[in-house]
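Letter by letter, the chains look like this.
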Amino acid sequence: MNSKESEIYKQIKQAIIHQKLRPNTQLVEKEIAETFGVSRTPVRNVLRRLSYERLVKIIENKGAFVACSSVEEAKEVFEMRRILEAQAVRRACRLSTKEQLDELEKMVQHELKIYKDLDYIEAIQMSGDFHLKVAELAGNTYFYKYLEDLINLTYVIISIYGRGNEEKSTCLHHLHIFDAIKQRDEDLAERLATEHLQEIEENLHFNEELQIPASFSEIFDQG
């Protein structure tokens, strides 16, 4: 993608992740093009990229829509996260350096310190950052790549089904997972990471009512 396409891609992706664009919202090429002052061609390229990442669903003869994961799809995402993150934390126990552990500890302590001042979206984003940092410590680029995609999908899932009351327990779970990694206890780290993801899934509410968002120009502050 060229620089303009990258800018549009980044802004739409962030709007989806931060729940400004709600699931099932139609992404009309003409409106997006007018909002960003471009032709429809770069918009089409961006929507294809987001479709590849499963954040957008393109339906023939109907258009593009923000993805709306079904309950079954949500469960599949969490199942894959448990499988990948179980191995990621085990590798982090074996391979992480002292410097990397210090960085992870700072992240966890910062999260614990400020979680009360975060809004729900910021808390979700910070939680995702923790999991990606653990994937980075695992020392395998594929863990990071696939988990990044799954975590992006998790943002969408939580925007549909989340209840908005999990921040404190999430922070404490991260602290316990970090402690297990620091102790190089692979079995404990795997168990805690798996239980953490299981609890997030169990706290999802599968009857969340979807809301219609504001106009594209209001969402992206383009005029």
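Data block above holds the structure.
Criteria and thresholds
Here, residues in each chain are numbered from 1, in the same order as that chain's written sequence. Only residues with pLDDT of at least 70 are given local features in this predicted model, and only at 80 or more are side-chain atom pairs given and counted; all residues enter the totals for whole chains, interfaces and linings. To obtain the side-chain values, all non-hydrogen atoms of the structure were used and water was disregarded. Segments assigned H or I by DSSP are reported as helices when at least four residues long, segments assigned E as strands when at least two residues long, and all are numbered from the N terminus. The buried label goes to any residue with under 20% of its type's maximum accessible area, the exposed label to any with over 50%, and the partly exposed label to all in between, with areas taken from a 1.4 Å probe on protein chains only. Whether two residues are in contact is decided by their heavy atoms: any pair within 4.5 Å suffices. Per-residue accessibility takes into account occlusion by the displayed protein chains alone, with areas from the Shrake-Rupley method and a 1.4 Å probe. A pair of strands is labelled paired if DSSP reports no fewer than 2 bridges between them. To get an axis, a line is fitted to the C-alpha atoms, and for a helix only the part in contact is used. The angle between two axes follows their N-to-C directions and goes from 0 to 180 degrees. These descriptions rest on fixed angle ranges, namely under 35 degrees for roughly parallel, over 145 for roughly antiparallel, 65 to 115 for roughly perpendicular, and the rest for oblique. Less than a right angle of anticlockwise turn of the near helix away from the far helix marks a crossing as left-handed, whereas a clockwise turn marks it as right-handed. Between rings of Phe, Tyr and Trp, where Trp is taken as its six-membered ring, a pair exists when centres lie within 6.5 Å; planes separated by under 30 degrees are stacked, by over 60 edge-to-face, and by other angles tilted. Only when the NZ atom of a Lys or the CZ atom of an Arg is both within 6 Å of the ring centre and within 35 degrees of the ring normal do we say a charge sits over the ring. The classification used treats Ala, Val, Leu, Ile, Met, Phe, Trp, Tyr, Cys and Pro as nonpolar, Asp, Glu, Lys and Arg as charged, and all other residues, Gly among them, as polar. Counted as salt bridges are all cases of a side-chain nitrogen of Lys or Arg within 4 Å of a carboxyl oxygen of Asp or Glu.

Asks: Help me understand the overall build of the protein, please; the structure alone is not making it clear to me.
Replies: Scanning the protein for helices and strands turns up ten helices and three strands. Seen in sequence order, the protein has helices and strands lined up from the N terminus as α-β-α-α-β-β-α-α-α-α-α-α-α. Across the 223 residues that make up the protein, the buried fraction comes to 47%. Within the protein, contacts between residues at least 6 apart in sequence are counted, and of these 79% link residues at least 24 apart. About 11,800 Å² of surface is accessible on the protein, with carbon and sulfur atoms providing 48% of the total.

Asks: It is not clear to me how the sheet that holds strand 3 (residues 63–66) should be interpreted in this structure. Could you clarify?
Replies: Backbone-to-backbone hydrogen bonds pair the strands of a sheet. The strands run either parallel or antiparallel. Judged by pairing direction, the sheet is antiparallel, and its three strands sit side by side in the order 1-3-2 without closing on themselves. A strand with exactly one partner marks an edge of an open sheet, and here the two such strands are strand 1 (26–27) and strand 2 (56–59). Note that strand 1 and strand 3 share two bridges and pair antiparallel. Considered in strand 3, the bridge of Leu27 is made with Ala64. In the packing of helix 3 (residues 40–52) onto the sheet, the strands contacted are strand 1, strand 2 and strand 3, and the crossing angle to strand 2 comes to about 110°.

Asks: Just to check I follow, could you spell out the environment of Ile160 for this structure?
Replies: You can see Ile160 is positioned in helix 7 (residues 141–161). For Ile160, a relative accessible area of 3% translates into the label buried. It is 8.1 Å that separates the C-alpha atoms of Ile160 and Ser69, two residues lying 91 residues apart in sequence.

Asks: Can you help me understand the packing of helix 4 (residues 71–95) against helix 7 in this one?
Replies: One can describe the packing of helix 4 onto helix 7 by two numbers: an axis separation of 10 Å at closest approach and a directional angle of 140°. Regarding the angle of helix 4 to helix 7, the classification is oblique. Handedness of the helix 4/helix 7 crossing: left-handed. In contact with Val71, Ala74, Val77, Phe78, Met80, Arg81, Leu84, Glu85, Gln87, Ala88 and Arg91 of helix 4, helix 7 contributes Phe143, Tyr146, Leu147, Leu150, Ile151, Leu153, Thr154, Ile157 and Tyr161.

Asks: Whenever I open this one, the packing of aromatic side chains confuses me. Can you help?
Replies: Any aromatic ring pair is given by two values, namely how distant the centres are and how the planes are angled relative to each other. The final tally for this structure, using the stated rule, is one aromatic pair. One Lys or Arg, Arg49, reaches over the ring of Tyr9 and ends 4.5 Å from the middle of that ring.

Asks: It is not clear to me how unusual backbone geometry should be interpreted in this structure. Could you clarify?
Replies: For residues that are not glycine, phi is negative in most cases, and the peptide bond is trans in most cases. The backbone of Asn24 shows a phi angle near 75°, a positive value even though the residue is not glycine. Along the chain, Asn24 falls in the loop between helix 1 (3–17) and strand 1. Look at Asn24 and you get partly exposed, because its relative accessible area is 45%. One non-glycine residue, Arg184, lies in the positive phi region at around 60°.

Asks: Which parts of the structure should I look at to understand the packing of helix 4 against helix 9 (residues 186–202)?
Replies: At a closest axis distance of 8 Å, the pairing of helix 4 and helix 9 adopts a crossing angle of 155°. In terms of orientation, helix 4 and helix 9 fall into the roughly antiparallel class. The two elements helix 4 and helix 9 meet at a crossing, and its hand is right-handed. Side by side, helix 4 and helix 9 meet where Lys75, Phe78, Arg81, Arg82, Glu85, Ala86, Val89, Arg90, Cys93 and Arg94 of the first sit next to Glu186, Asp187, Ala189, Glu190, Ala193, Thr194, Leu197, Gln198, Ile200 and Glu201 of the second. Partitioned by chemical class, the residues of the contact of helix 4 with helix 9 number eight nonpolar, two polar and ten charged.

Asks: Hey, could you run me through the pattern of salt bridges in this one?
Replies: Any two side chains of opposite charge can pair, on the condition that their charged atoms come close. Counted under the stated rule, the structure contains 18 salt bridges. Among the salt bridges present, the one from Arg49 reaches Glu53, with a minimum N-O distance of 3.0 Å. When its relative accessible area of 35% is taken as the criterion, Arg49 is described as partly exposed. Given the relative accessible area of 11%, Glu53 is considered buried. Ionic pairing is found between Lys145 and Asp149, a salt bridge with its closest N-O pair at 4.0 Å. Taken together, the residues Lys145 and Asp149, both in helix 7 and four residues apart, mark about one turn of the helix. Accessibility expressed as a relative area gives 39% for Lys145, which makes it partly exposed. Taking relative accessible area as the criterion, Asp149 reaches 26% and is therefore assigned partly exposed. One network of salt bridges, in which partners are shared, links Arg90, Arg94, Glu186, Asp187 and Glu190.

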